[in-house]
Amino acid sequence: MPVLAGAEPFHHEGGEVAVLLCHGFTGSPQSLRPWAEHLAEHGLTVSLPLLPGHGTRWEDLRITGWQDWYAEVDRELRLLCELRETVFVAGLSMGGALALRLAAKHGDAVRGVMVVNPANKVHGLAAHALPVVRHLVPATKGIASDIAKPDGRELGYDRVPLHAAHSLRRFFQATDRELPQVTQPVLLLRSPQDHVVPPADSARILSRISSTDVKEVILEQSYHVATLDHDADRIHEESLAFIGRIASGLGKEPGLGKEGTTAGG
């Protein structure tokens, strides 16, 4: 299936500091595109891949699983590490969980982690029924576009395939066990009014990671997809400051102001 207009991956060749961005479950790179472009405009090398099964139709997501999604960002991280010595990972919702697992698995190859409303668990009694219900019901209503901004719109599926949701639940369980392996600096930005991921997920993550350099930022004016909401500029500013501080401490120049080459839709 062709990729939906606006859901294309984004890549920018910039300076010596790189950022890998991971989008969320049933979403697409569109939800992180402004963030990626802002980082690129400030001279950073940026990679924002399209996860398998996403950005086309929800039926395509039904035949993929967490191993496919994680393999894509793992591959992108390895490619970035071959080109740049200083690499950060970031993500929204499930993408935050992907970023945290990359940090846990790759150790010092990841210099810092930035997550927005990171997800850690599939909540509710229905989650426990997924192993059975997924064989009876193909999909349920979508979770996209939880945005306070009146004109905000996330390009995501209007249906959630239950086979993929079951795999997502197993991914969260695996990642939760690995959170103590996260030792890198962490910037966590969360919305108190989030209708997709409850505050308990961020609290759980912060209680489980081993990082000592942790900053939590509250996004008061946004819902779940804060990267497309009222606090988008705050996310851009906080992430650039975080990257600049960590990179400078490593004796690296973030590459601000350098021109580069961009690829993407």
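Undergrad: Lay out empty space enclosed by the protein in plain terms, naming residues and giving numbers.
TA: For the structure on display, the rule yields 1 cavity of 30 Å³ or more. Lining the largest cavity, in full, are N117, P118, R190, S191, D194, V197, P198, P199 and S202. Across the lining of the largest cavity, the residue classes tally to 4 nonpolar, 3 polar and 2 charged.

Undergrad: If you had to explain the pairing of strand β4 (residues 86-92) to someone new, which residues and values would you point to?
TA: Most of β4 sits out of view: 7 of its 7 residues are buried. Where burial is concerned, the two faces of β4 agree: the one with T86, F88, A90 and L92 and the one with V87, V89 and G91 are both buried. Where strand β2 (residues 17-22) lies against β4, 6 bridges are found, and the strand directions are parallel. Within β4, the residue paired with L21 across the bridge is A90. One ladder, built from 5 bridges, connects β4 with strand β5 (residues 112-116); its direction is parallel. Counted as the bridge partner of F88 is G112 from β5. For the handedness criterion, the β-α-β arrangement of β4, helix α4 (residues 94-106) and β5 is classed as right-handed.

Undergrad: Residues and numbers for the environment of L168, please.
TA: Structurally, L168 is set in helix α6 (residues 162-178). Classification of L168 as buried rests on a relative accessible area of 7%. Taking the C-alpha atoms as reference, L168 lies 8.6 Å from K121; in sequence the two are 47 residues apart. Dropping the residues within four chain positions of it, L168 is found in contact with F25, W69, M94 and V122.

Undergrad: Any details on the side chain of T64? Residues and values, ideally.
TA: Positionally, T64 belongs in the loop between α2 (58-62) and α3 (66-83). A distance of 2.9 Å separates the side chain of T64 from the backbone oxygen of L61, its partner in a polar contact. Of the polar contacts made by the side chain of T64, one reaches the side chain of W69; its length is 3.0 Å. Those residues in contact with T64 that sit more than four places away from it in its chain are P52, G53, W69 and A164.

Undergrad: Explain unusual backbone geometry residue by residue, including any values.
TA: Among all residues save glycine, negative phi is the norm, and among peptide bonds the norm is trans. Despite not being glycine, N117 shows a phi value in the positive range, around 45 degrees. Relative to the elements of secondary structure, N117 occurs in the loop between β5 and α5 (125-133).

Undergrad: So what about the packing of aromatic side chains? Which residues, and what values?
TA: Scanning the entire structure with this criterion turns up 4 aromatic pairs. With centroids separated by 6.1 Å and ring planes inclined at 70 degrees, the aromatic side chains of F88 and F242 adopt a geometry described as edge-to-face. Residue F88 is found in strand β4, and its partner F242 is found in helix α8 (residues 232-249); the two are separated by 154 residues along the sequence. Its relative accessible area of 0% is what places F88 among the buried residues. The exposure class assigned to F242 is buried, which follows from its relative accessible area of 4%. Among the aromatic side chains, those forming a connected cluster through ring pairs are W66, F171 and F172. Its end group placed over the ring of Y70, R101 keeps NZ or CZ at 4.5 Å from the ring centre.

How each quantity is defined
Residues numbered from 1 in each chain as written. Predicted model: local features only at pLDDT ≥ 70, side-chain atom pairs only at ≥ 80, totals over all residues. Heavy atoms only, no water. 1 Å grid on protein atoms, 1.4 Å probe; cavity = no way out; pocket = protein on both sides within 12 Å on 5 of 7 lines; lining within 4 Å. Points joined across faces, edges and corners; volume = space filled by probe spheres on them. Nonpolar A, V, L, I, M, F, W, Y, C, P; charged D, E, K, R; others polar. Buried < 20%, exposed > 50% of the residue type's maximum accessible area, 1.4 Å probe, protein only. Helix = DSSP H or I, 4+ residues; strand = E, 2+ residues; numbered from the N terminus. Pairing = 2+ DSSP bridges. Right-handed = clockwise from strand over helix to strand, strands pointing away. Contact = heavy atoms within 4.5 Å. Polar contact = N/O pair within 3.5 Å; in protein donor to acceptor, adjacent residues only side chain to side chain. Phe/Tyr/Trp six-rings, centres within 6.5 Å; stacked < 30°, edge-to-face > 60°. Lys NZ or Arg CZ within 6 Å of the ring centre and 35° of its normal.

These figures come from the coordinates and say nothing about function on their own.
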